[in-house]
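Structural characterization, general
So the chains spell out like this:
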Amino acid sequence: MSIQGKKVIQVLVKISEKIDENKAYLSELDAAIGDGDHGLNLNKGFKAVIEKIKEDDGSDIGGILKKAGMALVSNVGGASGPLYGTAFMKAAMSVNGKSEIDMSDFSKMLEDALEGIKMRGKGQANDKTMIDAIEPASNSIKHGIAQGLEAKEVLKLAKEAAYKGVEHTKEIIARKGRASYLGERSLGHQDAGATSSAIIIETIYEALN
Amino acid sequence: MVGIVIVSHSKNIADGVKELAEQMAPDVPIAVAGGTSDKRVGTDMGKILNAIENVYSEDGAIIIFDLGSAFMNAEMAIECLDESMKEKIKILDCPIVEGAVTAAVESSIGKNIGEIEAALQSMNLGKMP
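As the structure is a prediction and not an experimental result, all values here were calculated from the model.

1. Quick word on the interface of chain A and chain B
Listed by partner, the interface residues are 11 residues for chain A and 11 residues for chain B. Mapped by element, the contributors of at least two residues to the side of chain A that touches chain B are helix H4 (61-75), helix H5 (80-93) and helix H6 (103-121) of chain A. Residue composition of the side of chain A that touches chain B, grouped by class: three nonpolar, six polar and two charged.

2. A few points about the nonpolar core
Membership of the largest hydrophobic core comes to 98 residues, with the highest contact counts inside it found for Ile4(B), Val5(B), Ile6(B) and Ile64(B). With eight residues, helix H9 (residues 192-207) of chain A is the largest single contributor of residues to this core. With sequence-adjacent residues up to four places away left out, Ile4(B) is seen in contact with Ala21(B), Val28(B), Ile30(B), Val55(B), Ala61(B), Ile62(B), Ile64(B), Ala100(B), Ala103(B), Ala104(B) and Ser107(B).

3. Points about the confidence of the model for chain B
Per-residue pLDDT for chain B has a mean of 96; in total, 100% of the residues score no lower than 70. Here the predicted complex scores 0.93 on pTM and 0.89 on ipTM.

4. A few points about the pairing of strand S2 (residues 30-34) of chain B
Residues and elements named next belong to chain B. Counting buried residues along S2, five of its five residues qualify, which places the element largely inside the surrounding structure. Of the two faces of S2, both are covered, the one formed by Ile 30, Val 32 and Gly 34 as well as the one formed by Ala 31 and Ala 33. As a crossover connection, the stretch from strand S1 (residues 3-8) through helix H1 (residues 11-24) into S2 is right-handed.

5. Digging into helix H1 (residues 5-21) of chain A
Residues and elements named next belong to chain A. With 17 residues, H1 extends 25 Å between its outermost C-alpha atoms, agreeing within 8% with the 24 Å of an ideal straight helix rising 1.5 Å per residue. Every buried residue belonging to H1 is among Gly 5, Val 8, Ile 9, Leu 12, Ile 15, Ser 16 and Ile 19, and all of these are buried. Buried residues along H1 cover an arc of 115° about the axis, so they all sit on one side. Buried residues in H1 make contact with strand S1 (3-4), helix H2 (23-33), helix H3 (38-53), H4 and H9.

6. Concerning the environment of Lys44(A)
Its place among the elements puts Lys44(A) in helix H3. For Lys44(A), a count of 22 C-beta atoms within 10 Å puts it in the buried group.

Calculation criteria
- Residues numbered from 1 in each chain as written.
- Chains lettered and ligands numbered in written order.
- Predicted model: local features only at pLDDT ≥ 70, side-chain atom pairs only at ≥ 80, totals over all residues.
- Contact = placed C-beta atoms within 7 Å.
- Helix = DSSP H or I, 4+ residues; strand = E, 2+ residues; numbered from the N terminus.
- Nonpolar A, V, L, I, M, F, W, Y, C, P; charged D, E, K, R; others polar.
- Core = buried A, V, L, I, M, F, W, Y, C linked by C-beta atoms within 7 Å.
- Buried ≥ 20, exposed ≤ 12 C-beta atoms within 10 Å, placed from the backbone.
- pLDDT = per-residue confidence, 0-100.
- Right-handed = clockwise from strand over helix to strand, strands pointing away.
- Expected span 1.5 Å × (residues − 1).
- Arc of directions from axis to C-beta.

Written as structure tokens, this is what we have:
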């Protein structure tokens, strides 16, 4: 699998569209155990991302992701701004100056994004956050590559792992974010950040299929 | 004097805290970063950066915040600054109202960042992630 810069831009456009389609759903999830603005915030952020990168020439994928990260920090009002912003900016680092990337690049990008999120939010698995979708996806990708699976299969398994993580968030108590103030009341509810992360991973899979 | 930056998800809260702190310490540089740039509840890295630049001096600055993402955005704002400035800026763990008022008074009598931090220690809430 080899992805050119222009394709990366197309994928980001698809992500923005998917987030827009799901903004009410994401805000509803967030309203149950948070401040209810996740969908709106993320939609605004990704619209700003597209404005920043749509004219990019695609020659530097790291540059594209860095611009995306900065647009998210500046335009997403909640915790998702610094978290998704840092994720994209960290993902950008290993692909700076690259005009095309392959599966192992993508694996490194996701790994770096995850580390960035953990560093920024001081979170870990089972806090009932986006980490609970992204970590399983990242692990699944590393595993798939090690097994020599085809790119499409690797991404499909990553998507499935992400959604499994989302389901799992219903079974745990929030330890981060506004939901953590609810304690046991957060049980049974699906985390909005994990959901948006899974949607993003799913969109990447669909776009590269 | 050490500058004070007040970060809140709510513009009203940030402005109100500044109002209280200024009553106790009218000469201390205090700046706010409350709410988002489009006037909603949330925090904004750009606003925080501006606020830091407004109150920063050789004596440095401290940042007092309300909840979680305020800390993350404050951290990111500091990361954008020059190395020389970064070392003289500290985010402190304290309740936003009581901490800001105490810090303003301490700053007004010439205390440095370390001394202000020590003065706030009994108010630590364990809110730093």
